[in-house]
Amino acid sequence: MPEDLLTIGRFALLCRLSVKRLRHYADLGLLPPDRVDAATGYRYYASDRVPDALTIALLRDLDVPLPAIAAVLAAAGDERARLLGAARDRVAARIERDRARLAVLDRLAEGRTPAYEVALADVPALRLTAVRARYSAADLGKGVGECVAALFAALAGGPWTAPLHGVFPLDLAEPAAVAVGVRADRDPPGTVPLALPAATVVRTLHRGPYTEIPLAYHALLAWAGERGLAAHGHAREEYLVGPDEAEPADLLTRVALPVGPRPKTPADEITTDLEKR
């Protein structure tokens, strides 16, 4: 064995990692050994690979995706710093999401949930000029913001009628198909027409930050369930007072869920159309 190579056991001690973990990193293609003895299968590592092993361990502990780690290891200098900065931003965003979830859980545990007024309503059919996209549940808030920006960029200051609408699947599968739209007299490039059918909905007003809107859904679903009603189709949100008009505590959003027997048409057509994209 060359003098500059270490057994996997000695290398593991230098990195403060287990042999099992090093083997796992090798199997993932992140940190393959520098030499494998053909006769014994023993693995050997160069001592200068220790920094890479420590970097992998740190990033994996922070749940940085494997492709991002591989990109960091392949980069150097300013590019590596940029990639690490991007990973840092993703972790920070996840921490903010977790803080918002903790706040919701605290309110539920302490019985400090808002006193929502829930009611049934018949809403007419609605045609929207919309932007649609797919996002993971974790990126839904960021995704809606991107859709809003794309929508108003496409409208380019043209006339539209408030409020802004959001349409979301009840089951936030991965990735979830969402739409953001407004009533407008044209569908410019970058947008699509979206027809929402007339429906009987259970709805309420949510006052407060968007991160606490799950409390409104909780109230709606509980109210509907107590009365033997089943939600179907897509959840609808109307942003009556938005971030450019008020502080987070004073945002006002109407949340509505279609309820009743699941219709065959046209709601299923909208579901299918959204899920295709």
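Keep in mind that this is a model prediction, so the values were computed, not measured.

With respect to the pairing of strand 9 (residues 199-207)
Strand direction decides the pairing type here: strand 4 (residues 119-123) and strand 9, joined by five bridges, are antiparallel. Bridge assignment links Val123 to a residue of strand 9, and that residue is Ala199. As paired elements, strand 9 and strand 11 (residues 252-258) share seven bridges and run antiparallel to each other. Within strand 11, the position partnered with Arg203 by the bridge is Ala256.

What to know about the sheet that holds strand 11
If you walk across this open sheet you meet the eight strands as 4-9-11-10-6-7-5-8, and the pairing is antiparallel. A strand with exactly one partner marks an edge of an open sheet, and here the two such strands are strand 4 and strand 8 (192-196). Mean inter-strand twist for the sheet, computed between neighbouring axes without regard to direction, equals 35 degrees. The sheet contact formed by strand 5 (residues 126-135) and strand 8 spans five bridges and is antiparallel. Bridge pairing in strand 8 places Thr129 opposite Pro193. Running over the sheet, helix 6 (residues 140-155) touches strand 5, strand 6 (160-169) and strand 7 (176-184) and is turned about 130 degrees from strand 5. In this fold helix 7 (residues 213-226) packs onto strand 4, strand 6, strand 9, strand 10 (234-241) and strand 11, with an angle of close to 35 degrees to the strand it touches most, strand 11.

Overview of the packing of helix 1 (residues 8-15) against helix 3 (residues 50-61)
Between two packed helices, both the angle of their axes relative to each other and the distance between the axes serve to describe the pair. Packing of helix 1 against helix 3 brings their axes to within 9 Å, and their N-to-C directions diverge by 60 degrees. Regarding the angle of helix 1 to helix 3, the classification is oblique. Like other packed secondary-structure pairs, helix 1 and helix 3 cross with a definite hand, here right-handed. Contacts between helix 1 and helix 3 involve Phe11, Leu14 and Cys15 from the first element and Val50, Ala53 and Leu54 from the second. Among the residues forming the contact of helix 1 with helix 3, the class breakdown is six nonpolar, no polar and no charged.

Structural notes on the pairing of strand 6
Counted residue by residue, strand 6 has seven buried out of 10 residues, so it is predominantly covered. From the end of strand 6 to the start of strand 7, which pair antiparallel, there are six residues. Where strand 6 and strand 10 come together, six bridges link them in antiparallel fashion. When the bridges of strand 10 are listed, Leu164 appears paired with Tyr239.

Calculation criteria
- Residues numbered from 1 in each chain as written.
- Predicted model: local features only at pLDDT ≥ 70, side-chain atom pairs only at ≥ 80, totals over all residues.
- Heavy atoms only, no water.
- Pairing = 2+ DSSP bridges.
- Helix = DSSP H or I, 4+ residues; strand = E, 2+ residues; numbered from the N terminus.
- Axes fitted to C-alpha atoms, helices over the stretch in contact; angles between N-to-C directions.
- Contact = heavy atoms within 4.5 Å.
- Parallel < 35°, antiparallel > 145°, perpendicular 65-115°, else oblique.
- Left-handed = near helix turned anticlockwise from the far one by under 90°.
- Nonpolar A, V, L, I, M, F, W, Y, C, P; charged D, E, K, R; others polar.
- Buried < 20%, exposed > 50% of the residue type's maximum accessible area, 1.4 Å probe, protein only.

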